[in-house]
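Each chain, letter by letter, is given below.
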Amino acid sequence: MKKQLLTALVPAYNEEDCIYELYNRVTNVLKGLKNYDYEILVINDGSKDNTLSILEELHAKDKHIEYVNLARNYGKETAMAAGFDYAKGDVVVILDADLQTPPELIPEMLKYYEEGYDDVYGRRKSRDDETFLKRFGTKLYYKALQSLTRVDILKNTSDFRMLSRRAVEALKKYREQRRYTKGIFALIGFKKKEFLYMPAARFAGKTKWNYLSLLNLAVEGITSFSTFPLRLSSILGFVTALVGFIYILFLVIKTLIFGADIKGYPTLLSVIIFLGGIQLLSLGVIGEYLGRIFNEVKNRPLYLVEKYSGDNK
Ligand code: UDP
Ligand code: MG
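Here the structure is a predicted model, which means the values were calculated and not measured.

Asker: Please give an account of the site of ligand 1 that cites residues and values.
Answerer: Lining the immediate environment of ligand 1, one finds 16 residues, of which E15, D45, D98, Q100 and T207 sit closest. Within the backbone of P11, one N or O atom sits 2.8 Å away from an oxygen atom of ligand 1. With respect to ligand 1, the side chain of R202 contributes an N or O atom lying 2.9 Å from an oxygen atom. Starting from 530 Å² of accessible surface for ligand 1 in isolation, the protein chains cover 87%. The class makeup of the residues in the shell around ligand 1 is five nonpolar, four polar and seven charged.

Here it is as structure tokens:
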């Protein structure tokens, strides 16, 4: 029987302190697999440190390790997309370069793959290791996302996943610029299987996410999977118009009965401010979507590759 090829796909940005350890641990695990050949495909996402030269050095020694050097930093979401394009494996597993996703779990994931699952995804056992603010925010966010979108975006899943070839081919069809991969995983469907794991601590270096970039990703998630905020502006507009109309009736009748008076400055001002606020908010929401349309319409390439270590694709 011909062995299947497994690709370990690793997006890496400024991970010079992790790459050797990553290489050693992943190699250790993958060498032990009897039924699989393997490649370790690192997507160097425009690192500014020595990540690239370490990859070159490792590739020179061991052809199991391949790398794609992106032209600049595109972010993890796009780096993963590049990985899907360049992965040769019959099965692809996505790992973090910082070893927070333990490679030792790959054999366990493979069992599910062999049972016929297309998308074996890791879900964190608990979020006890995170700060209260992050936990609370995540919880609220998933609630909102869940109720706004029609696709079932799974809570607390990570990008730690094993994908069959046909799942990867499906993912490759989604070429959107502003990517929310977690949602795209949900969109493609196929047979999914969850497994629980506890993310390890970062091996070295610092996380590239901060609250602001997380918030950005969160907005991305909602705006690329739901048009509800747009509808919300219509609803808000409708409700305020209705209230305004009733108020006008009230004023007209009151004036007819009691005559006009020139009081009411505070009412006037608060109405103006309130309406102004709603108008700006609605404009902002429309702007968010318009910006996305603008970005997609330009049809720019998702990423540019400076170098691929493997046979040309
Ligand atoms: N990463 C990337 N491009 C970026 C930021 C991050 O490829 O612009 C990679 C990073 O090297 C790591 C993975 O994405 O392998 C997860 O990043 P990080 O550990 O910073 O995120 P966290 O684990 O804290 O969510
Ligand atoms: Mg990490």
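Asker: Give me the lowdown on the packing of helix α8 (residues 211-225) against helix α10 (residues 265-297), citing residues and values where you can.
Answerer: Direction vectors running N to C along α8 and α10 enclose 80 degrees, while the axes themselves pass 11 Å from each other. With respect to α10, the element α8 is oriented roughly perpendicular. Facing V219, E220, I222 and T223 of α8, the residues of α10 in contact are E288, Y289 and R292. Among the residues forming the contact of α8 with α10, the class breakdown is three nonpolar, one polar and three charged.

Asker: Lay out helix α5 (residues 132-148) with the relevant residues and their values.
Answerer: Over its 17 residues, α5 runs 24 Å from end to end, which matches the ideal 24 Å to within 8%, given 1.5 Å per residue. All buried positions along α5 are accounted for by T138, Y141, Y142 and L145. Take α5 and look down its axis: the buried residues cluster within an arc of 100 degrees, on one side only. Those residues of α5 that are exposed and aimed more than 90 degrees away from the buried face are F132, L133, K139, L140, K143 and S147.

Asker: An account of the pairing of strand β5 (residues 119-124) is needed here, citing residue identities and associated values.
Answerer: For β5, the tally of buried residues reaches five of six residues, placing the bulk of the element in the interior. The sheet contact formed by β5 and strand β7 (residues 192-197) spans six bridges and is parallel. Residue R124 lies in a different strand from β7, and its bridge partner there is Y197.

Asker: Describe unusual backbone geometry, naming the residues involved and giving the relevant values.
Answerer: Here N14, not a glycine, exhibits a phi torsion of approximately 50 degrees, which is positive. Mapping N14 onto the fold places it in the loop between β1 (4-12) and α1 (19-31). For N14, a relative accessible area of 27% translates into the label partly exposed. Even without a glycine there, the phi angle at F190 is positive, about 70 degrees. On the secondary structure map, F190 appears in the loop between α7 (181-188) and β7. Residue F190 is classed as partly exposed on the basis of its relative accessible area, which comes to 36%.

Asker: If you had to explain the side chain of D98 to someone new, which residues and values would you point to?
Answerer: Within the secondary structure, D98 sits in the loop between β4 (91-94) and α4 (106-114). On the basis of relative accessible area, D98 is assigned to the buried category, the value being 4%. Within polar-contact distance, the side chain of D98 engages the backbone nitrogen of Q100 at 3.1 Å. Beyond its immediate sequence surroundings of up to four residues, D98 is in contact with E15, C18, A201, R202 and F203.

Asker: So, the nonpolar core: which residues are in play, and what are the values?
Answerer: Membership of the largest hydrophobic core comes to 35 residues, with the highest contact counts inside it found for L6, L30, I40, V93, I106, L110 and M162. The dominant element in this core, judged by the number of residues it contributes, is α1, at six residues. Those residues within four positions of I40 in sequence are excluded, and the remaining contacts are A8, V10, Y23, V26, T27, L30, H64, I65 and E66. With 32 residues, the next largest nonpolar core counts I43, A81, Y141 and A170 among its residues.

Asker: Let's hear about the pattern of salt bridges: which residues, and what values?
Answerer: Tallied over the entire structure, the rule returns 14 salt bridges. Two residues, D98 and R202, come together in a salt bridge whose shortest N-O distance is 3.3 Å. Of the two residues, D98 sits in the loop between β4 and α4 while R202 sits in the loop between β7 and α8, which places them 104 residues apart along the sequence. With respect to class, D98 is no different from R202; both count as buried. Notably, a salt bridge pairs E194 with R123, separated by 2.9 Å at the nearest N-O pair. Within this pair, whereas E194 is found in strand β7, its partner R123 is found in strand β5, the two being separated by 71 residues in sequence.

Asker: Talk me through the packing of aromatic side chains; I want residue IDs and the actual numbers.
Answerer: Summed over the entire model, instances satisfying the criterion amount to six aromatic pairs. Following the ring pairs from residue to residue traces out a cluster consisting of F160, F195 and Y197. A cation over an aromatic ring shows up here: R161 above the ring of F185, its NZ or CZ 3.9 Å from the ring centre. Positioned above the aromatic ring of Y117 is the side chain of K191, whose terminal nitrogen or guanidinium carbon lies 5.1 Å from the ring centre.

Asker: Any details on the environment of V93? Residues and values, ideally.
Answerer: Among the structural elements, V93 can be located in strand β4. Overall, the relative accessible area of 0% leaves V93 in the buried class. In this structure, the C-alpha to C-alpha distance between V93 and I246, residues 153 residues apart in sequence, is 60 Å. Aside from chain neighbours lying at most four places away, what touches V93 is L6, T7, A8, L9, I106, M109, F160, R161 and M162.

Each value, and the rule that gives it
Residues numbered from 1 in each chain as written. Chains lettered and ligands numbered in written order. Predicted model: local features only at pLDDT ≥ 70, side-chain atom pairs only at ≥ 80, totals over all residues. Heavy atoms only, no water. Near = heavy atom within 4 Å. Polar contact = N/O pair within 3.5 Å; in protein donor to acceptor, adjacent residues only side chain to side chain. Areas by Shrake-Rupley, 256 points an atom, 1.4 Å probe, with all protein chains shown as cover. Nonpolar A, V, L, I, M, F, W, Y, C, P; charged D, E, K, R; others polar. Axes fitted to C-alpha atoms, helices over the stretch in contact; angles between N-to-C directions. Helix = DSSP H or I, 4+ residues; strand = E, 2+ residues; numbered from the N terminus. Parallel < 35°, antiparallel > 145°, perpendicular 65-115°, else oblique. Contact = heavy atoms within 4.5 Å. Expected span 1.5 Å × (residues − 1). Buried < 20%, exposed > 50% of the residue type's maximum accessible area, 1.4 Å probe, protein only. Arc of directions from axis to C-beta. Pairing = 2+ DSSP bridges. Core = buried A, V, L, I, M, F, W, Y, C linked by side-chain atoms within 4.5 Å. Salt bridge = Lys/Arg side-chain N within 4 Å of Asp/Glu carboxyl O. Phe/Tyr/Trp six-rings, centres within 6.5 Å; stacked < 30°, edge-to-face > 60°. Lys NZ or Arg CZ within 6 Å of the ring centre and 35° of its normal.

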